[in-house]
Amino acid sequence: MKKYKYKGKVYCEKDLSETIENYGGDLYDLYFELNRDGKAAEQTLYFNPYDFEEYYESHEELIEKEFGSLEVKEND
């Protein structure tokens, strides 16, 4: 089990609040602290649920690359 220390507190996936005095929380709590301090950010990614290897930063990019066959041509 990996543990991370940030601002004097220990964070990990397992609840160690009973055994560690300076337990800060789970990894989401660590992310929240990093986010609040401007050291981490979130981003929405778009993907085809049948292919988790390709992620796109915008829904436009997803549609263009994954669903190009739906494009209506000028003469249609």
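Residue numbers run consecutively from 1 along every chain, following the written order of its sequence. This being a predicted model, a pLDDT of at least 70 is required before a residue's local features are given, and a value of 80 or more before pairs of side-chain atoms are given or counted; all residues contribute to the totals for chains, interfaces and linings. Side-chain measures were taken over the full set of non-hydrogen atoms in the model, leaving aside hydrogen atoms and water.

(A) The arrangement of unusual backbone geometry in detail. The phi angle at Lys7 is positive, at roughly 50 degrees, despite the residue not being glycine. Numbering of helices and strands runs from the N terminus; a helix is a DSSP stretch of H or I covering at least four residues, while a strand is a stretch of E covering at least two. Examined against the element boundaries, Lys7 turns out to sit in the loop between strand S1 (3-6) and strand S2 (9-12). Summary of the burial criterion: residues with accessible area below 20% of their type's maximum are buried, those above 50% are exposed, and those between are partly exposed, where the area comes from a 1.4 Å probe applied to protein chains only. Note on Lys7: relative accessible area 56%, which makes it exposed.

(B) Highlighting the pairing of strand S5 (residues 51-56). Looking at chain direction, strand S4 (residues 46-48) and S5 are connected through three bridges and run antiparallel. Each residue of the ladder has a partner; that of Tyr46, found in S5, is Tyr56. Where S4 hands over to S5, the hairpin turn is made up of two residues, counted between the paired strands. In this analysis, strands are considered paired if DSSP registers two or more bridges between them.

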